[in-house]
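The primary structure of each chain is shown beneath.
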Amino acid sequence: MANVILIGTQWGDEGKGKIVDLLTEWAEVVVRFQGGNNAGHTLVIDGQRYALHLIPSGIMRPEKICIIGSGVVIDLKILLEEIDLLQKQSGRDVLPQLILSDEAHLILESHRRLDQAREKQRGTAKIGTTGRGIGPAYESKMARWGLRLGDLLAPEAVLEARLKNLLEQHNLMLEKIYNEAPVSFAKVFAELKEAAAIVCPVIKKVPYELARCLEKNESILFEGAQGTLLDIDHGTYPFVTSSSTMAANACASSGVGVTDIDEVIGVVKAYTTRVGSGPFPVELDDEIGEHLSVRGGEVGTTTGRPRRCGWLDLVALRYAALLNGLNSFALTKLDVLSGLETIKVCTGYRLHGKIIEYFPSSIEDLEACEPVLSEFAGWDEDISAILDYDQLPENARKYVSYIEEQLGIKAMLVSVGPDREQTMIRHNPFVE
Ligand code: GDP
Ligand code: IMO
Ligand code: MG
């Protein structure tokens, strides 16, 4: 039995969904603890592709429980669409596998509208959000006028009063600040009641549910969304998401003690990508960037936007290892590097003529950083069918060893393709 946190170490899209789906084989419960449907986690099982935004990536295994914790912001419309799509794809009802926290906050139409209005107002300075209402939903939570899933269980008059209070604020902002049409209370209220009829039976107190799992010695896998460099505190602020993407937040935002965690795994993509605006020192605007983009299929799962691509950034990764207290990492998309004669890795930044090894907090500094690159010989072979780590080309193994040395932790697995099967597990925290 082990309780494991898995988070993204870069700017998201590291392949967290694939790894969670794989590791769920050994866990009884999977918990999403932050973010919302800004996430896009892709799983490929026996050639069939599934894209998940809100539902934990353990859902494809029917016997597993999937929990959405209090730190997640939930758009019920999206949740119900995702449940429906999964039912069509898998032929079974996934609702009985789900538990939703009564403390999780709701994303309403007004949050989505505010997100989009603000991005429009920012113009060229836009963050490049997913437009899903994530920032405004976390704002409502912090402003203490947000609506929680548990409000759906309250008497109708209570829900009505809370929604009215929130929409009064939002409509003032929409009309007076952004010159937008107001959101209809009647429409939102009716949609909420309709959704409530479906989800209410699975709204529970998650900390007690998880405590029961721990008592039964069941293993819990915590699934991060986004990545460390999109974290609200330590990421490239303000070009970040509005939640804490840190491993530490897995406990706070699901209601489990930090003393119950056995291992923290960081998912590391073999190169770096970023969607949306913001500084990105290792970005490549050349044919190598194009190689990574095309071979890696680097198009956003949520918004369909092309992802910006660059070399692996060890300054950023060392920071992620430190911030999350990583015990190990899962290396993904190593296959995408096949065919490159030379592979480069950023080992430091040059800032105003001086080499620095820390990750700057100021985006002006980060924008001024030039990457200091080390070179490795690449490999030509297609490695996507290799199942035994020792069969990887020597240069690929050297690349993995170098990252291990630099981060001071081991690659617990190496992934060489999108499919569940295209993975070499070297250390499994659930069985060792
Ligand atoms: P997440 O947000 O961290 O779950 O990552 P995404 O699902 O948004 O993006 C990762 C993409 O890479 C998905 O399309 C995966 O199917 C795919 N993928 C995951 N691991 C590998 C791998 O090792 N090799 C290749 N070629 N694709 C992978
Ligand atoms: P997964 O879980 C990559 C980015 C957006 C934008 C910024 C803020 O699939 O790794 P938001 O809508 O959250 O307010 O947008 O964060 N972003 C992601 N980038 N992967 C994600 O999730 C992301 N979720 C948000 O592109 O730059
Ligand atoms: Mg993604």
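In what follows, the structure referred to is the one given above.
Residues numbered from 1 in each chain as written. Chains lettered and ligands numbered in written order. Predicted model: local features only at pLDDT ≥ 70, side-chain atom pairs only at ≥ 80, totals over all residues. Heavy atoms only, no water.

Structural notes on the overall build of the chain
In terms of regular secondary structure, the chain is built from twelve helices and 20 strands. Here the C-alpha radius of gyration of the chain, 22 Å, is about what a compact globule of 432 residues would show, namely 22 Å. Here the C-alpha coordinates of the chain stretch approximately 65 × 50 × 40 Å along the principal axes. Relative to its full complement of 432 residues, the chain shows a buried share of 59%. Sequence separation of at least 24 residues holds for 76% of the intrachain contacts in the chain that already meet a minimum separation of 6. (Helix = DSSP H or I, 4+ residues; strand = E, 2+ residues; numbered from the N terminus. Rg over C-alpha atoms; globule rule 2.2 N^0.38 Å. Buried < 20%, exposed > 50% of the residue type's maximum accessible area, 1.4 Å probe, protein only. Contact = heavy atoms within 4.5 Å.)

Quick notes on unusual backbone geometry
For the bond from tyrosine 237 to proline 238, the omega torsion is 5°, close enough to zero to count as cis. Within the secondary structure, proline 238 is located in the loop between strand E10 (220-223) and helix H8 (248-252). A positive phi angle, close to 60°, is found at asparagine 217, a residue other than glycine. Structurally, the position occupied by asparagine 217 is in the loop between helix H7 (206-215) and E10.

Observations concerning the site of ligand 2
Ligand 2 sits among 20 residues. The nearest are Asp13, Lys16, His41, Thr130 and Thr241. In this structure, glycine 40 approaches ligand 2 through a main-chain N or O atom, which is 2.9 Å from an oxygen atom. Within the side chain of arginine 305, one N or O atom sits 3.0 Å away from an oxygen atom of ligand 2. A total of 550 Å² of accessible area belongs to ligand 2 in isolation, and the protein chains cover 97% of it. (Near = heavy atom within 4 Å. Polar contact = N/O pair within 3.5 Å; in protein donor to acceptor, adjacent residues only side chain to side chain. Areas by Shrake-Rupley, 256 points an atom, 1.4 Å probe, with all protein chains shown as cover.)

Examining the pairing of strand E3 (residues 41-45)
Counting buried residues along E3, four of its five residues qualify, which places the element largely inside the surrounding structure. Counted between consecutive antiparallel strands, the loop separating E3 from strand E4 (residues 48-52) contains two residues, among which aspartate 46 sits at a positive phi close to 50°. (Pairing = 2+ DSSP bridges.)

Here we look at the site of ligand 1
Near ligand 1 lie 19 residues; those nearest to it are Lys16, Gly17, Gly40, Asp335 and Ser415. At 2.8 Å, a backbone N or O of glycine 15 approaches an oxygen atom of ligand 1. Between an oxygen atom of ligand 1 and a main-chain N or O atom of glycine 417, the distance comes to 3.1 Å. Look at ligand 1: alone it shows 580 Å² of surface, and the protein chains cover 93% of it. Of all the elements in the fold, those that place two or more residues in the shell around ligand 1 are helix H1 (16-23) and E3. Tallying contributions element by element places H1 first for the shell around ligand 1, with three residues. Considering only residue class, the shell around ligand 1 consists of three nonpolar, nine polar and seven charged. No fewer than three residues from each of domain 1 (3-101 + 203-263) and domain 3 (268-425) sit in the shell around ligand 1. (Nonpolar A, V, L, I, M, F, W, Y, C, P; charged D, E, K, R; others polar. Domains from an automatic or database assignment.)

A look at the side chain of arginine 61
Along the chain, arginine 61 turns up in the loop between E4 and strand E5 (65-68). Look at arginine 61: it is buried, it has no salt bridge, and the nearest opposite charge is aspartate 21 at 4.0 Å. Discounting chain neighbours no more than four positions away, the residues touching arginine 61 are Asp21, Leu22, Thr24, Glu25, Arg92, Gln97 and Arg420. (Lys, Arg positive; Asp, Glu negative; His and termini not counted. Salt bridge = Lys/Arg side-chain N within 4 Å of Asp/Glu carboxyl O.)

Here's the deal with the packing of aromatic side chains
Within the structure shown, the criterion is met by seven aromatic pairs. Ring centres 5.3 Å apart and planes at 15° place the aromatic pair phenylalanine 185 and phenylalanine 189 in the stacked group. On the criterion of helical spacing, the pair formed by phenylalanine 185 and phenylalanine 189 is a turn pair, its members being four residues apart in helix H6 (residues 185-199). According to the relative accessible area criterion, phenylalanine 185 is partly exposed, its value standing at 22%. Accessibility expressed as a relative area gives 8% for phenylalanine 189, which makes it buried. Each ring, one from tyrosine 349 and one from phenylalanine 359, has its centre 6.3 Å from the other, and the planes form 50°; the classification is tilted. (Phe/Tyr/Trp six-rings, centres within 6.5 Å; stacked < 30°, edge-to-face > 60°.)

Things to note about the packing of helix H2 (residues 76-90) against H6
Interaxial distance between H2 and H6 falls to 10 Å at its minimum, and their mutual angle equals 45°. The orientation of H2 relative to H6 falls into the category oblique. Here H2 runs over H6; the crossing is left-handed. Contacts from Leu76, Leu79 and Leu80 of H2 reach H6 at Leu192, Ala195, Ile198 and Val199. Among the residues forming the contact of H2 with H6, the class breakdown is seven nonpolar, no polar and no charged. (Axes fitted to C-alpha atoms, helices over the stretch in contact; angles between N-to-C directions. Parallel < 35°, antiparallel > 145°, perpendicular 65-115°, else oblique. Left-handed = near helix turned anticlockwise from the far one by under 90°.)

Bear in mind that shape data such as this cannot, by itself, settle questions of function.
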